[in-house]
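# Topology and contacts: notes
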Amino acid sequence: MSRTDIRTALTDLLLTPGLDLDEAADRHFAPDYRQRTDGRWDDRTEFLAHIAHLRTVVADGSVEVHDELTSGDRYADRHTMEITKTDGSTVRMEVYLFAEFAPDGRFRRIEETTLLLEGADSDRNLGSAR
């Protein structure tokens, strides 16, 4: 069984123009997926609404994984997401993430906290914006 990772998942979700959102999500997220970002829980449908919104805001970007650990069905990482928005402004966020894999290697649950490193004050909620 191969497992997903956050760099691959975010690249497919946000940084691969032309890749259908549902196809990208199905590659990396189980049907019962849930996510908590900065204290807010979303089910898979709410999470995909968030990603659909981000696809209208994000023009380009990159993901740099600084630390990554897998143990059994658990996954943790610290990564930085650099984004160029469609308005030309840039955002850099550091993310601390803990996750659980489904038996098929897709994410079943992610809990994360985001830290705005660069960007406008209004970008602080980018991790859960709709």
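In short, a report on the structure.

Cut-offs applied
- Residues numbered from 1 in each chain as written.
- Predicted model: local features only at pLDDT ≥ 70, side-chain atom pairs only at ≥ 80, totals over all residues.
- Heavy atoms only, no water.
- Pairing = 2+ DSSP bridges.
- Helix = DSSP H or I, 4+ residues; strand = E, 2+ residues; numbered from the N terminus.
- Axes fitted to C-alpha atoms, helices over the stretch in contact; angles between N-to-C directions.
- Parallel < 35°, antiparallel > 145°, perpendicular 65-115°, else oblique.
- Contact = heavy atoms within 4.5 Å.
- Phe/Tyr/Trp six-rings, centres within 6.5 Å; stacked < 30°, edge-to-face > 60°.
- Buried < 20%, exposed > 50% of the residue type's maximum accessible area, 1.4 Å probe, protein only.
- Lys NZ or Arg CZ within 6 Å of the ring centre and 35° of its normal.

Our focus in this paragraph is the pairing of strand β3 (residues 58-71). For β3 and strand β4 (residues 74-85), the ladder comprises twelve bridges, and the chain directions are antiparallel. Within β4, the residue paired with Val63 across the bridge is Met81. Counting the residues that bridge the hairpin from β3 to β4 gives two residues, and of these Gly72 lies at a positive phi of roughly 60°.

This paragraph deals with the packing of helix α1 (residues 6-14) against helix α2 (residues 21-28). Two packed helices can be described by the angle between their axes and the distance between those axes. At their nearest, the axes of α1 and α2 sit 8 Å apart, and the two run at 170° to each other. Looking at the two axes, α1 sits roughly antiparallel to α2. Across from Thr8, Ala9, Asp12 and Leu13 in α1, the residues of α2 making contact are Leu21, Ala24, Ala25, Arg27 and His28.

Attention now moves to the packing of aromatic side chains. Per the stated rule, a full pass over the model turns up seven aromatic pairs. The interplanar angle of 65° and the centroid separation of 4.6 Å between the aromatic rings of Phe29 and Tyr33 together place this pair among those described as edge-to-face. Considered together, Phe29 and Tyr33 belong to a single accessibility category, that of buried residues. Judged by centre distance (5.4 Å) and plane angle (65°), the ring pair of Tyr75 and Phe107 falls under edge-to-face. Within this pair, whereas Tyr75 is found in strand β4, its partner Phe107 is found in strand β6 (residues 107-118), the two being separated by 32 residues in sequence. An aromatic cluster is built from Phe29, Tyr33, Phe47, Tyr75, Phe101 and Phe107, whose rings are joined through pairwise contacts. The side chain of Arg34 reaches across the aromatic face of Trp41, ending 3.9 Å from its centre.

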